[in-house]
Each structure stands twice: as C-alpha cells, then as structure tokens.
Amino acid sequence: MESFQATIIRFESLTSTNTEAATRAAQGATQGLCIVAREQTRGRGRLQRTWVSPAGAGLYFSLLLRPRVDAGVWSLLPLMAALAVADTLDEAFELKVDVKWPNDILVHGRKLCGILVETIETNLGRAVILGIGINLTTAAFPPDLDRIATSLQEATGVSPDADALLQSLLGTLSNRYELWQTAGGADAIRDEWQKHSSYAQGKRVRVVNGSEIVEGTTRGLESDGALRVETDAGEIKVMRAGDVTSVRSQNRLR
Ligand code: BTN
C-alpha cells in the first residue's frame, strides 16, 4: 500500500490553500502535492465557517491525496489526520492534546488546529484535499477568538518553527495514510482515535447538525467513524456530521 512523497509549493498569500490544491488536482496534479501559504484571505473551515488566517500566525497547508482504497473507509480520513497532528505535537513539543469529534485539536478546551477534508472528482478519479490549519500565535487574531482559540506559542511557551513542524507532520501523515490503507487499518485508526479523545465515551455533548440538535452522552464510534450519542431517553443516535460541544452533566449542580 502506498504512502506519499510530498512536493511542497509555497505561496506568500492565497485565498485558500484548499482551493489552490483543488485547482491543481483538477489539472492532474499527483498525490503528495502540498500547498502552503503564509496567509489566506478566504481560509475555510468546516460547516461554511471562516478560518482566520493572518500572515505568519498559523501553518496553513493542503495536501492532495488520491486514495485507491474503497470509498467506504474514506470517512476515517479526518480522524486519521487528527491523530497524525496529535502525534506530531506530542513528539515535537511533548504537548498532549485532546481530539474533539471528528477532528478538532484542542488544548484545555481551546482550539489549536482545525482540519478540513474535501473530496473532488478529477479525470484521474476522486481525490481528497486535506487542509490543516495550526495556530502558531494568536497575537494577530481578532479578540473574539481569544476565548475559543489557542496557539502553539501559548501552549508550549516557545515560538514554533513552522517549516520543521510541517516536515514532521508530513512524515507522520504519510505513515498513517499507509496504515489506513492496509487491511484492518481503518479499524486501527478508529480504535486509536477512541483512546485519544475525551469525547469518545461518556462525555456529555450537544451535537448540532443543521436543524437537528442531539443532546446526550457519547458512546464510541461506529466503524465508519460516526459518533454514537445516547439520549436521555436511552436512544442511540448516530451522528455522521455536525458540530459537537461539551455540555455540563445534567446531574451536576450549576
Ligand atoms: C475547521 O476547524 O473548521 C477546519 C479548518 C481548516 C483550516 C485549514 S487552513 C489550510 C486549509 N485551507 C483552508 O481554507 N482551510 C484549511
């Protein structure tokens, strides 16, 4: 099974590295293309959100993948990417992070990294654009992000070397990507994700998916990475998309 060889192309400023990678994928670019920008003027997040991307304040990049495995396991890719980020941060900075379903990287409940996985049809088959944004410093962020965002600088006390971080992250991603494609690899990733995330089991959450709002307690992941949530009525809801927030237990005094 295939790992990938990264080919990095750097830009000073782009609207979005995911957009640039998708354009090049449509033109036939090969797996491993990695688009990096110092700044994004229209950085995108999940659920049509904006990813605030001031110059030099984050590591913003998108990786083109052309998986040859069955599309049934592709839903595990965001989880695979989150584990790769978590591993890299642990190895590079001894920083322990939490993973919020499906793929937010949190430190003390605040977001350090977001991952946006998009698929696109190309002449060479369906491709994946894996976009990763890691906050290096929050100094240039608007004040309203203070409460919800954190940065590597804040979490580790040092100014991170973005290039070194990118190189080690690409190495970890490549290994994980290879594992994901082996027989049993998707299950291994799901199991590892469950061990790594405080959100996997027994966490009181609210999941908002469009007009659907589900509140309950998490009960692990389905084989495709969907989140199981048990409502207070004892019904198991299987969430394949949505935004998860941790809420206080009903039994706890406020
Ligand atoms: C999220 O948490 O909502 C996902 C955020 C993903 C942000 C990254 S930054 C690099 C790449 N380009 C984008 O426009 N978005 C992703």
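Above this text you will find the structure in question.
Let me sum up the structure you'll find in this document. (Residues numbered from 1 in each chain as written. Predicted model: local features only at pLDDT ≥ 70, side-chain atom pairs only at ≥ 80, totals over all residues. Heavy atoms only, no water.)

1. Let's talk about the pairing of strand S10 (residues 227–230)
Burial of the side chains of S10 is restricted to one face: Leu 227 and Val 229 are buried, whereas none of Arg 228 and Glu 230 on the reverse face is. Direction of pairing for strand S9 (residues 212–221) relative to S10: antiparallel, over a ladder of three bridges. Bridged to Thr 217 within S10 is Glu 230. The sheet contact formed by S10 and strand S11 (residues 236–239) spans four bridges and is antiparallel. (Buried < 20%, exposed > 50% of the residue type's maximum accessible area, 1.4 Å probe, protein only. Helix = DSSP H or I, 4+ residues; strand = E, 2+ residues; numbered from the N terminus. Pairing = 2+ DSSP bridges.)

2. Some points on the environment of Ser 174
Take Ser 174: it is sitting in helix H4 (residues 162–181). According to the relative accessible area criterion, Ser 174 is buried, its value standing at 9%. Residues Ser 174 and Met 239 lie 65 residues apart in sequence; the distance between their C-alpha atoms is 28 Å. Setting aside its immediate chain neighbours within four residues, Ser 174 contacts Ser 3 and Phe 4. (Contact = heavy atoms within 4.5 Å.)

3. Description of the environment of Glu 235
Mapped onto the secondary structure, Glu 235 falls in the loop between S10 and S11. By relative accessible area, Glu 235 is classed as partly exposed at 43%. Residues Glu 235 and Ile 8, 227 residues apart in the sequence, show an inter-C-alpha distance of 47 Å. Excluding anything up to four places from it in sequence, Glu 235 contacts Val 229 and Glu 230.

4. As for the site of the ligand
Around the ligand, the structure places 19 residues, and the nearest of them are Ser 16, Gln 40, Arg 44, Arg 46 and Lys 111. Ser 16 has a polar side-chain atom sitting 2.7 Å from an oxygen atom of the ligand. At 3.0 Å from a nitrogen atom of the ligand is found a side-chain nitrogen or oxygen belonging to Thr 17. Expressed as a share of its isolated accessible area of 420 Å², the protein-covered part of the ligand is 98%. (Near = heavy atom within 4 Å. Polar contact = N/O pair within 3.5 Å; in protein donor to acceptor, adjacent residues only side chain to side chain. Areas by Shrake-Rupley, 256 points an atom, 1.4 Å probe, with all protein chains shown as cover.)

5. Looking at the sheet that holds S11
An order of S11-S10-S9-S8-S12 is seen for the five strands of this open sheet, with the pairing classed as antiparallel. In this open sheet, the two strands that pair with only one neighbour each are S11 and strand S12 (243–246). The average undirected angle you get between the axes of adjacent strands in this sheet is 45°. Of the strand pairs in this sheet, strand S8 (residues 201–209) and S9 are connected by seven bridges, and their pairing is antiparallel. (Axes fitted to C-alpha atoms, helices over the stretch in contact; angles between N-to-C directions.)

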